[in-house]
Amino acid sequence: MTRHFLKDDDISPQEQAQIIASAIKLKSNRFADRSFEGPKSVALIFDKTSTRTRVSFSVGVSEMGGYPLLIDSQSSQLAKSESIADTARVLGRQVSQIMWRTFAQSNLEEMAQHAGVPVISGLSDDYHPCQLLADLQTITEHFGKTEGLKVAYVGDGANNIANSYLLAAAMAGMNVSIAAPTNYQPDEKVVARARELGTGEILVTSDPVEAVSGADIVTTDTWVSMGMEAEQSERISDLQDYRVDEKLFEKASSEAIFLHCLPAYRGNEVTAEVIDGKRSLVWQQAENRLHAQKALMSFLANND
């Protein structure tokens, strides 16, 4: 049966831990895994602009001996009248895996249904699972574990990063706190799923101090995601009290680290003092997209 990675819980907690361990090994020996030797091709489809996803997947496929086939969806038949199902059937006969950075989660689900090869979410409006693999790798490298640690996410709690933190961090045995205004809080179904997946505490609150207090990891995301530009002024106004500044960061553990999936907008969701500070691991986190995604692609290639 073909395995896919469309959201964080498409793998088990044990498989998640296996992928993270593999990512850490690959980081120390970048050319050890040659799962795409041939070269085999991996289709990398982009509906949205991208820096980290585009670079990390392209470099990763190449380092694994493969050929990264970059497809701008606007210049393909996907942008016209061809269905996702028909595109999937064409790609699946020619490439080894498909990564798609898209809008609707249902797009990924339809691609996976018809491709016949592993499909990976490079991001959707609902989840950003590859980012969380990199984040968990970063946390593991720094603390030596994930179990029992507390992660606090502050800002737009209804976006894809917050959803993925709920699922992936719960699977990793962590306690998860989400601080967001009432109308920016995560869907109750996602929260309920996180509680099913993990044994740690899951807290959703409108109080950022409550969420951050004692946290080992503090994280946030842009307040205005792609496609929300028309709401920019309203969202910035609504989220002003959820900026991660030094005063809020001090409420976390004295050994806490700061993470951000990037791109960051200093002065909005985070201050320059925090993201550029000594306890910020955002550049290590960004690099780890490469290693975590290679470990994921290898896992899917060898469990297909």
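Caption draft 1: Quick peek at the overall build of the chain. Looking only at helices and strands, the chain has twelve helices and nine strands in total. Compactness check: the chain gives a C-alpha radius of gyration of 19 Å against a globular reference of 19 Å for 304 residues, within 12% of the reference. Across its three principal directions, the C-alpha atoms of the chain cover 55 × 40 × 35 Å. When burial is assessed residue by residue, the chain has 57% of its 304 residues classed as buried. Contacts in the chain between residues far apart in sequence, at least 24 positions, make up 75% of those at least 6 positions apart. Surface summary for the chain: the accessible area is close to 12,700 Å², and the carbon and sulfur share equals 46%. Seen as two clouds, the 28 positive and the 41 negative side-chain charges of the chain have centres 5 Å apart.

Caption draft 2: Inspection of a negative patch on the surface at higher detail. Negative charge collects at one region of the surface, where Glu-109, Asp-126, Asp-187 and Glu-188 lie side by side. Secondary-structure assignment places Asp-187 in the loop between strand 6 (175-179) and helix 7 (188-197).

Caption draft 3: Expanded view of helix 2 (residues 52-63). Over its twelve residues, helix 2 extends 16 Å from the first C-alpha to the last, a length consistent with the 16 Å expected when each residue adds 1.5 Å. When we look at burial in helix 2, the residues that qualify are Thr-53, Ser-56, Phe-57, Ser-58, Gly-60, Val-61 and Glu-63. Just past helix 2, the residue Gly-65 takes up positive phi, approximately 90 degrees.

Caption draft 4: Representation of the confidence of the model for the chain within the structure. Mean pLDDT over the chain: 97, with 100% of residues reaching 70 or higher. Mean pLDDT values over the elements of the chain span from 94, in helix 9 (residues 232-238), up to 99, in strand 9 (residues 257-260).

Caption draft 5: How the structure looks around helix 12 (residues 282-301). A rise of 1.5 Å per residue sets the reference length of helix 12, with its 20 residues, at 28 Å; its end C-alpha atoms lie 29 Å apart and thus fit the reference within 8%. Within helix 12, 15 of the 20 residues are buried, which leaves it mostly tucked inside the rest of the structure.

Caption draft 6: Geometry of the pairing of strand 1 (residues 41-46). With six of six residues buried, strand 1 is to be regarded as a mostly interior element. Residues of strand 1 alternate between two faces, with Ser-41, Ala-43 and Ile-45 on one and Val-42, Leu-44 and Phe-46 on the opposite face, all of them buried. With six bridges connecting them, strand 1 and strand 2 (residues 67-72) associate as parallel partners. The residue bridging Val-42 from the neighbouring strand is Pro-68, located in strand 2. This β-α-β element, strand 1 to helix 2 to strand 2, shows right-handed connectivity. As paired elements, strand 1 and strand 3 (residues 97-101) share five bridges and run parallel to each other. By the bridge assignment, Ile-45 is partnered in strand 3 with Trp-100.

Caption draft 7: Geometry of the pattern of salt bridges. Following the criterion strictly, the structure yields 13 salt bridges and no others. The residue Arg-235 makes a salt bridge to Asp-156 at a minimum N-O spacing of 2.3 Å. Placement of Arg-235 in helix 9 and of Asp-156 in the loop between strand 5 (150-154) and helix 6 (160-171) is noted, with a sequence separation of 79 residues between them. As far as the burial class goes, Arg-235 and Asp-156 line up, both buried. Residue Glu-196 is joined to Arg-193 by a salt bridge in which the shortest nitrogen-to-oxygen separation is 3.0 Å. Here Glu-196 pairs with Arg-193, and both are found in helix 7, just three residues apart, close to one helical turn. Among the residues examined, Arg-193 registers a relative accessible area of 30% and is labelled partly exposed. Taken together, the shared-partner salt bridges connect Lys-7, Asp-9, Arg-193 and Glu-196 into one network.

Rules and cut-offs
- Residues numbered from 1 in each chain as written.
- Predicted model: local features only at pLDDT ≥ 70, side-chain atom pairs only at ≥ 80, totals over all residues.
- Heavy atoms only, no water.
- Helix = DSSP H or I, 4+ residues; strand = E, 2+ residues; numbered from the N terminus.
- Rg over C-alpha atoms; globule rule 2.2 N^0.38 Å.
- Buried < 20%, exposed > 50% of the residue type's maximum accessible area, 1.4 Å probe, protein only.
- Contact = heavy atoms within 4.5 Å.
- Areas by Shrake-Rupley, 256 points an atom, 1.4 Å probe, with all protein chains shown as cover.
- Lys, Arg positive; Asp, Glu negative; His and termini not counted.
- Charge placed at Lys NZ, Arg CZ, Asp CG, Glu CD.
- Patch = residues over 30% accessible without salt bridge, like charges linked within 9 Å, V, L, I, M, F, W, Y side chains within 5 Å.
- Salt bridge = Lys/Arg side-chain N within 4 Å of Asp/Glu carboxyl O.
- Expected span 1.5 Å × (residues − 1).
- pLDDT = per-residue confidence, 0-100.
- Pairing = 2+ DSSP bridges.
- Right-handed = clockwise from strand over helix to strand, strands pointing away.

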